[in-house]
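Listed below are the residues making up each chain.
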Amino acid sequence: MPQPTPQVASFADLDARTLYDLLRLRVDVFVVEQACPYPELDGRDVEDGTRHLWLAADGAVLAYLRILADPDGSARIGRVVVAATARGAGYASRLMTEALRLVGDRPCALEAQSHLADFYTRYGFTPVGPEYVEDGIPHVPMRRDGRRPTQPPTH
């Protein structure tokens, strides 16, 4: 399989097939695999400042995340997901590196599933509040100062 290249688009620039594939991956993992019925379509995908970032190869979406523009000017990363068949290939890391390149010097926040908090600390994110349970899944709010490097440490 060829190495997938990161692709980024606003909602208006997504063609119908790509949008379908991105949303299907999110539902397959967050709703079906994690057995968590919740309103996946929250209205933020269509906002002007939202950027959809994904990796695809041979017509299949392998990994995805979205970058939201929060009202205070900071960025928010969410819906980080890798297809079950593509896990372990470093795709989440590739997406995070690219997302933080796009975010640039802006502060950035995310709501990490608690078991993934260590992954996000590699990118300069630190917990900024107590763990909480959302839709039956423990999460931790995390934030990153925009002046940190976008590459994870190599250790």
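In this text the structure is predicted, and so the values were computed from the model without any measurement.

Thresholds applied
Residues numbered from 1 in each chain as written. Predicted model: local features only at pLDDT ≥ 70, side-chain atom pairs only at ≥ 80, totals over all residues. Heavy atoms only, no water. Helix = DSSP H or I, 4+ residues; strand = E, 2+ residues; numbered from the N terminus. Buried < 20%, exposed > 50% of the residue type's maximum accessible area, 1.4 Å probe, protein only. Polar contact = N/O pair within 3.5 Å; in protein donor to acceptor, adjacent residues only side chain to side chain. Contact = heavy atoms within 4.5 Å. Expected span 1.5 Å × (residues − 1).

Student: Is there a simple way to think about the side chain of R66 in this case?
Tutor: Mapping R66 onto the fold places it in strand β3 (residues 60–69). A residue is classified by how much of its surface remains accessible, and R66, at 3% relative accessible area, is buried. Of the polar contacts made by the side chain of R66, one reaches the side chain of D45; its length is 2.8 Å. Once residues within four sequence positions are removed from consideration, R66 is found in contact with R26, D42, R44, D45, T50, R51, H52, R76, I77, G78 and R79.

Student: How should I be thinking about the environment of Y132 in this particular structure?
Tutor: Secondary-structure assignment places Y132 in strand β7 (residues 132–134). Taking the relative accessible area as the measure of exposure, Y132 reaches 26% and is therefore partly exposed. Measuring from C-alpha to C-alpha, the distance between Y132 and S114 comes to 8.9 Å, with 18 residues separating the pair along the chain. The residues contacting Y132, other than those within four sequence positions of it, are E111, I137, P138, H139, V140 and P141. One polar contact links Y132 to E111, side chain to side chain, over a distance of 2.5 Å.

Student: What's the story with helix α2 (residues 91–103) in this structure? I'm lost.
Tutor: Residues lying three or four places apart along an α-helix face the same way, a consequence of the helix completing one turn every 3.6 residues. Across its 13 residues, α2 extends 18 Å between first and last C-alpha, which sits within 8% of the 18 Å expected from 1.5 Å per residue. Counting buried residues along α2, ten of its 13 residues qualify, which places the element largely inside the surrounding structure. The set of residues buried in α2 consists of Y91, A92, S93, L95, M96, T97, E98, A99, L100 and V103. Trailing α2 by a residue or two, G104 shows a phi angle of about 70°, which is positive.

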